[in-house]
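So you can see what is in the structure, the chains are spelled out below.
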Amino acid sequence: MTNAQYFIEATYLIASILFVLGLKSLSHPDTARRGMILAAAGMAAAVFGTLFHPDIHNYLYIAIGMIVGSLIGIPMAMVPMTAMPQRTALSHAFGALAASLVGISEYVIHGANMGGIKMGALGMEVMLGSLTVTGSFIAAAKLQEMMRGTPIMFKGQQIVNLGLFIAMIGSFIMWLIHPGGAGYFYSTVGCAFVFGILLVIPIGAADMPVVMSLLNSYAGLSSAATGFVLGNNVLIIAGTLDGFSGFILSILMCKAMNRSMTNVLFGGFGSPVSVESSVSGTMREVGLDDVAVQLAYANQVVFVPGYGMATAQAQHAVRELGNLLEERGVSVKYAIHPVAGRMPGHMNVLLAEANVPYSSLYEMEQINPELPSTDVAVVIGANDVVNPDARDNPKSLIAGMPIIEVDKAKSVVVLKRGKGKGFSGLENPLFFKPVTGMLYGDAKASLTNLTQAVQKV
Ligand code: NAP
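So, here's what we can say about the structure.

### Describing the environment of Met-114
Within the secondary structure, Met-114 is located in the loop between α4 (84-110) and α5 (116-143). A residue is classified by how much of its surface remains accessible, and Met-114, at 10% relative accessible area, is buried. For the pair formed by Met-114 and Thr-150, sequence separation is 36 residues and the distance between their alpha carbons is 44 Å. Not counting the four nearest positions on each side in its chain, Met-114 is found in contact with Tyr-107, Met-119, Leu-122 and Trp-175.

Have a look at this one:
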């Protein structure tokens, strides 16, 4: 090995260690920020080391690529928190596009002279990469509401998908048998591009985080395959970490929603449905001053944030109200459901941004036993994650999904704009219970008004 190669391998080793440490640090909110910095440093080390590759003779195209990449990447990083899922989908699409293009160019350069193992890896790379590109673009378009968010289904869809899948795998096998047959190779790529679209259109927008995490896993495995093709260790390590962590995350999200992966991918969840619900009675509206008095004289208040807190950007307003109540001697806790919002850790990130201390955040299992002794549970734009039907009605679409049992608190106040449903499209019996009062309005405005009202009590 030359000195340059030693240097490159050393930077790759450092990068790999930083990736592993970064991933480990992401497992807790306290260390997550450090994890991101470690992972970014790892990526910088890997890019820097690669610049010393002896095959690079002209840096002009690399410089242009870096400038274009930065021009796209910097504005993408500036999007608001609520747009983070679609931003992440776009990142996956670009990563997978890079892997697919590397695969295609390797085939163009080396043609049939690659050997079976390398061809197998290259085929996996372009298949997984190509379907991730189109799948991720569709996911981003659905989340950005540039296309219909509800499942797009048509007659014979499963058969078409199966046919396309067989055609893709068939072309791949034919290409392995006839490596010189470029038609087989490009047919594999073409089928994968179309398959990515068909795979994602029947999935509802709200299930997109699970799909994206799965696509992330495919993009990772595609990068690992690229690593085998190029003989690049850091790509193999980073791709494998990405591939498996994405897969585990998808499974954890499904578990938290009590749904199978098959149901998420093929169940058409989010289509308009008529389901039995155990709702009866009327919703009781409460006034600002009434709620302010309840909060001001409570011993313990539990805030339960959901997707509505994210859309209203109400995290700072809830922190201000929480601070005020704490100053008055009220014990204030924040209950975090694992799938509240629209992406894993959504609520943790928002509350951390508003400087809510981690010690005040309670996971569902920790807070549920405390709710019967809680004076007021304040639900901030959450719906499905507090729907008692998931616990009480076996016929409900979300039956079995673990919930934050706010209905067991002495009093419940729900902040939402109107009678809008949650992501599942189901009615929520919590809103009709005698213990519940509805405080209508945008969550941020309601919380700000509540803070002012509590100050006057
Ligand atoms: P949700 O069930 O989607 O309900 C959100 C509620 O917020 C709505 O009922 C809406 O009612 C209210 N809202 C919207 N904008 C508001 C505003 N500006 N101010 C006040 N209220 C507002 O949310 P969730 O309880 O957080 O549940 C999350 C759902 O997403 C779960 O079903 C979960 O399975 C699913 N999901 C989550 C993830 C994840 O990773 N977190 C991934 C996939 C799926 P109004 O319209 O009446 O205001």
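### A few points about the sheet that holds strand β2 (residues 331-336)
Strand order across the open sheet formed by six strands is β3-β2-β1-β4-β5-β6, with parallel pairing between neighbours. The open sheet has two edge strands, β3 (361-363) and β6 (436-440), and neither has a second partner. With direction set aside, neighbouring strand axes in the sheet form an average angle of 25 degrees. Bridge analysis of β2 against β3 gives three bridges, and the strand direction is parallel. If you follow Ala-335 over to β3, its bridge partner there is Tyr-362. On the sheet, helix α13 (residues 315-327) packs against β1 (300-305), β2 and β4 (376-380) and is oriented at approximately 145 degrees with respect to β2. Of the strands in this sheet, β1, β2 and β3 touch helix α14 (residues 346-353), which is tilted by about 145 degrees from β2.

### Some points on helix α6 (residues 157-177)
Helix length check: α6 (21 residues) gives 30 Å between terminal C-alpha atoms against 30 Å at 1.5 Å per residue, within 8%. Gln-157, Asn-161, Leu-164, Met-168, Ser-171, Phe-172 and Trp-175 are the residues of α6 that are buried. Down the axis of α6, the buried side of the element spans an arc of 100 degrees, and every buried residue falls inside it. Looking at α6, the residues exposed on the side facing more than 90 degrees away from the buried face are Ile-159, Leu-162, Ile-166 and Ile-177. Contact partners of the buried residues in α6: α4, α5 and α7 (182-200).

### Observations concerning the site of the ligand
Taken together, the neighbourhood of the ligand is formed by 32 residues, with Arg-342, Asn-383, Asp-384, Arg-417 and Phe-423 sitting nearest. The contact in question runs from a nitrogen atom of the ligand to an N or O atom on the backbone of Met-343, over 3.2 Å. Between the ligand and Asn-383 there is a distance of 2.7 Å, counted from an oxygen atom to a backbone nitrogen or oxygen. Burial of the ligand by the protein amounts to 96% of the accessible area it has alone, namely 920 Å². Of all elements in the fold, only α12 (307-312) and β5 (411-416) reach the threshold of two or more residues within the shell around the ligand. Of the residues contributing to the shell around the ligand, the split by class is 15 nonpolar, ten polar and seven charged.

### Some remarks on helix α1 (residues 3-25)
Spanning 23 residues, α1 covers 33 Å between terminal C-alpha atoms, matching the ideal 33 Å at 1.5 Å per step. If you check which residues of α1 are buried, you get Ile-8, Thr-11, Tyr-12, Ala-15, Ser-16, Leu-18, Phe-19, Gly-22 and Ser-25. For α1, the elements touching its buried residues are α2 (29-50) and α9 (233-256).

### Considering unusual backbone geometry
Look at Glu-145: it is not a glycine, yet its phi comes out positive at around 60 degrees. Examined against the element boundaries, Glu-145 turns out to sit in the loop between α5 and α6. Of note, the phi angle at Asn-355 is positive, near 65 degrees, even though the residue is not glycine.

### Topic: the packing of aromatic side chains
Enumeration according to the criterion identifies eleven aromatic pairs in this entry. A connected cluster of aromatic rings, assembled from ring pairs, spans Tyr-107, Trp-175, Phe-185 and Tyr-186. Its guanidinium or amino end placed over the ring of Tyr-297, Arg-328 lies 5.9 Å from that ring's centre, counting from NZ or CZ. Sitting over the ring of Tyr-307, Arg-342 keeps its end group 3.8 Å from the ring centre.

### Description of the environment of Ser-187
One can find Ser-187 in helix α7. With a relative accessible area of 29%, Ser-187 lands in the partly exposed category. Taking the C-alpha atoms as reference points, Ser-187 and Met-168, separated by 19 residues in sequence, lie 7.2 Å from one another.

### Structural notes on the pattern of salt bridges
A full pass over the atoms with the stated rule returns eight salt bridges. The partner of Lys-333 in a salt bridge is Glu-370, with the nearest N and O atoms 2.7 Å apart. Of this pair, Lys-333 sits in strand β2 while Glu-370 sits in the loop between α15 (364-367) and β4, and the two are 37 residues apart along the sequence.

About the cut-offs
- Residues numbered from 1 in each chain as written.
- Predicted model: local features only at pLDDT ≥ 70, side-chain atom pairs only at ≥ 80, totals over all residues.
- Heavy atoms only, no water.
- Helix = DSSP H or I, 4+ residues; strand = E, 2+ residues; numbered from the N terminus.
- Buried < 20%, exposed > 50% of the residue type's maximum accessible area, 1.4 Å probe, protein only.
- Contact = heavy atoms within 4.5 Å.
- Pairing = 2+ DSSP bridges.
- Axes fitted to C-alpha atoms, helices over the stretch in contact; angles between N-to-C directions.
- Expected span 1.5 Å × (residues − 1).
- Arc of directions from axis to C-beta.
- Near = heavy atom within 4 Å.
- Polar contact = N/O pair within 3.5 Å; in protein donor to acceptor, adjacent residues only side chain to side chain.
- Areas by Shrake-Rupley, 256 points an atom, 1.4 Å probe, with all protein chains shown as cover.
- Nonpolar A, V, L, I, M, F, W, Y, C, P; charged D, E, K, R; others polar.
- Phe/Tyr/Trp six-rings, centres within 6.5 Å; stacked < 30°, edge-to-face > 60°.
- Lys NZ or Arg CZ within 6 Å of the ring centre and 35° of its normal.
- Salt bridge = Lys/Arg side-chain N within 4 Å of Asp/Glu carboxyl O.

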